[in-house]
Amino acid sequence: TDLYERYTKFDLDRSLEQNPEFIWCAHGCGSGQLNEGGTMNKTVQCTNCNKLTCFIHRCPWHDGMNCEEYDM
C-alpha cells in the first residue's frame, strides 16, 4: 500500500504541475497551491507556512523589489 500511495501522490503532483496556475511553495515546506489569475497575481502566500513566493520567478518573494527590478 505504501508504494501505491507514493505513486498516487507522485501522479497527482505531476498532474497539478501541468496547470499553469499551480505553484510549489519556494520555501521548501512541501505545499503547493493554485494561484487564481496566474501571472496577474505575482505574490503567492502559502496556505501551509504563510511565506511568500514569487509566481513569476518561482523563488521566495523578492521583498523590496518588483519582478522587473529583480530581473536586472
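This text gives an overview of the structure that appears in the document. (Residues numbered from 1 in each chain as written. Predicted model: local features only at pLDDT ≥ 70, side-chain atom pairs only at ≥ 80, totals over all residues. Heavy atoms only, no water.)

Scanning the entire structure with this criterion turns up one cavity of 30 Å³ or more. Taken as a whole, the largest cavity spans an internal volume of roughly 40 Å³. I23, W24, C25, S31, G32, Q33, V44, Q45, C46 and T53 are the residues that line the largest cavity. Among the secondary structure elements, those contributing two or more residues to the lining of the largest cavity are β1 (22-24), β2 (32-34) and β3 (43-45). Classifying every residue of the lining of the largest cavity gives five nonpolar, five polar and no charged. (1 Å grid on protein atoms, 1.4 Å probe; cavity = no way out; pocket = protein on both sides within 12 Å on 5 of 7 lines; lining within 4 Å. Points joined across faces, edges and corners; volume = space filled by probe spheres on them. Helix = DSSP H or I, 4+ residues; strand = E, 2+ residues; numbered from the N terminus. Nonpolar A, V, L, I, M, F, W, Y, C, P; charged D, E, K, R; others polar.)

Turning to the packing of aromatic side chains, a few remarks are in order. Counted under the stated rule, the structure contains one aromatic pair. When the ring of F22 is compared with that of W24, the centres are 5.0 Å apart and the planes differ by 90 degrees; the resulting orientation is edge-to-face. Residue classification places F22 among the buried residues on the basis of a relative accessible area of 7%. The ring of F55 carries the charged tip of R58 above its face, separated from the ring centre by 4.4 Å. (Phe/Tyr/Trp six-rings, centres within 6.5 Å; stacked < 30°, edge-to-face > 60°. Buried < 20%, exposed > 50% of the residue type's maximum accessible area, 1.4 Å probe, protein only. Lys NZ or Arg CZ within 6 Å of the ring centre and 35° of its normal.)

Moving on: the pattern of salt bridges. Pairs can form between side chains of opposite charge whenever their charged atoms are close. Summed over the entire model, instances satisfying the criterion amount to four salt bridges. As a salt-bridge pair, R6 and D2 come within 3.4 Å of each other at their nearest N and O atoms. Highlighted residues: R6 and D2, both in helix α1 (residues 2-17), separated by four residues, approximately one helical turn. (Salt bridge = Lys/Arg side-chain N within 4 Å of Asp/Glu carboxyl O.)

What the three strands build is an open sheet, ordered β3-β4-β5; its pairing is antiparallel. Of all the strands in the sheet, the pair left with one neighbour each is β3 and β5 (59-60). Examined bridge by bridge, strand β4 (residues 52-54) and β5 share two bridges and lie antiparallel to one another. By the bridge assignment, T53 is partnered in β5 with P60. (Pairing = 2+ DSSP bridges.)

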